[in-house]
Number of protein chains: 2
Amino acid sequence: MNYAHTCIRVKDLDASIKFYKEALGYQVTREKDHSDDGFKLVYLALDGDDTELELTYNIGHGAYELGDGYGHMALYSDDFEAEYARIKEAGFEVTELMGLPGEEPHYFFVTDPDGYDIEILRRD
Amino acid sequence: MNYAHTCIRVKDLDASIKFYKEALGYQVTREKDHSDDGFKLVYLALDGDDTELELTYNIGHGAYELGDGYGHMALYSDDFEAEYARIKEAGFEVTELMGLPGEEPHYFFVTDPDGYDIEILRRD
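In what follows, the accompanying structure is described. (Residues numbered from 1 in each chain as written. Chains lettered and ligands numbered in written order. Predicted model: local features only at pLDDT ≥ 70, side-chain atom pairs only at ≥ 80, totals over all residues. Heavy atoms only, no water.)

Taken as rigid bodies, chain B and chain A are interconverted by a rotation of 180° and an axial shift of 0.0 Å, the fit giving an RMSD of 0.0 Å. One copy is carried onto the other by what is essentially a two-fold rotation axis. Among all residues of chain B, the minimum C-alpha distance to the rotation axis is found for G67 of chain B, at 2.2 Å. Both copies share a contact surface, since 100% of the interface residues of chain B are interface residues in chain A too. (Least-squares fit on C-alpha atoms with pLDDT ≥ 70 in both. Contact = heavy atoms within 4.5 Å.)

What follows is the structure, given as structure tokens:
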């Protein structure tokens, strides 16, 4: 078996697509429009990846309860400091640069429109 | 940027590692033991994948609130019917074979020890 995608439910499909494109460089790869059944699925991917992010949009559903179990998706960046500056400058909600205890700072989090965190990691 | 991992918080690290190994074929790739700071991180991967699953274990934390926002991770299977039979036979909690409206059944979900769903998809 091989990893295919991670799926999150979102309350505003357009806002989420805009965020994942503009903040992180995702592109829409395919869509499944099941509006007659009350939902749409939109798949996005990063350039060079054969894995996807699946956004589930349940029409008319408001905000979701995120809980405290799910952590995040993480992405590797080859151009870490520049990406951090770009994302911060563009006005997205980012943390400071962070490291685990005993490590130098090498990651940060950016928050998407629903409140999901995405970790950006400097690729070693 | 490229996808690196999906992170979930788990209440029983050994039970989760056992599940992801035995039900899905994951292997532990690396661990970060920060017990002195109250947590451990364990990374697992599927054979052939350069992406990981990160398990966060906060020592002494009980069950997590999963909410209804996070959906699932999905895995492609090349041997779909056999994997379904194997996972079901082994006693893991699985759904029936499912399809979206208008599609033939081509996926199912299996539930991990914390209640997170993992989707297994027949690779086309």
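Further remarks concern the sheet that holds strand β3 (residues 39-45) of chain A. Each strand in a sheet pairs with another by means of backbone hydrogen bonds, the pair being arranged parallel or else antiparallel. Pairing in this open sheet of seven strands is mixed, and the strands run β2(A)-β3(A)-β4(A)-β1(A)-β5(B)-β7(B)-β6(B) from one edge to the other. Each having just a single partner strand, β2 (27-34) of chain A together with β6 (107-111) of chain B make up the two edges of the open sheet. Across this sheet, the average inter-strand angle for adjacent strands is 25°, counted without regard to direction. Sitting on the sheet, helix α1 (residues 13-22) of chain A is in contact with β1 (2-9), β2, β3 and β4 (52-58) of chain A, with an inclination near 160° to β4 of chain A. (Pairing = 2+ DSSP bridges. Helix = DSSP H or I, 4+ residues; strand = E, 2+ residues; numbered from the N terminus. Axes fitted to C-alpha atoms, helices over the stretch in contact; angles between N-to-C directions.)

With that out of the way, let us pick up helix α2 (residues 80-89) of chain A. Residues and elements named next belong to chain A. Of all the residues in α2, the buried ones are F80, E83, Y84 and I87. Down the axis, α2 shows its buried residues gathered within 100° of arc, on one side only. Structurally, α2 contributes buried residues whose contacts are with β5 (70-77), β6 (93-94), β7 (107-111) and β8 (117-122). Positioned one or two residues after α2, G91 has a phi angle of 95°, which is positive. (Buried < 20%, exposed > 50% of the residue type's maximum accessible area, 1.4 Å probe, protein only. Arc of directions from axis to C-beta.)

To continue, consider the interface of chain B and chain A. Each partner contributes residues to the interface: chain B has 48 residues there, and chain A has 48 residues. Summed over both sides, the interface of chain B with chain A buries roughly 3900 Å², with 53% coming from carbon and sulfur. For chain B, the biggest contributors to the area lost against chain A are M1, N2 and Y3 of chain B; these three give 21% of the whole. At the boundary of chain B and chain A, one finds two salt bridges. Two residues, E103 of chain A and K32 of chain B, come together in a salt bridge whose shortest N-O distance is 3.3 Å. Where chain B touches chain A, the interface holds 40 residue pairs in polar contact (both at pLDDT 80 or more). For the side of chain B that touches chain A, the secondary-structure elements that each account for two or more residues are β1 (2-9), β2 (27-34), β3 (39-45), β4 (52-58), β5 (70-77) and β7 (117-122) of chain B. Class assignment for the residues of the side of chain B that touches chain A results in 22 nonpolar, twelve polar and 14 charged. (Buried area = accessible area lost by both parts, 1.4 Å probe. Salt bridge = Lys/Arg side-chain N within 4 Å of Asp/Glu carboxyl O. Polar contact = N/O pair within 3.5 Å; in protein donor to acceptor, adjacent residues only side chain to side chain. Nonpolar A, V, L, I, M, F, W, Y, C, P; charged D, E, K, R; others polar.)

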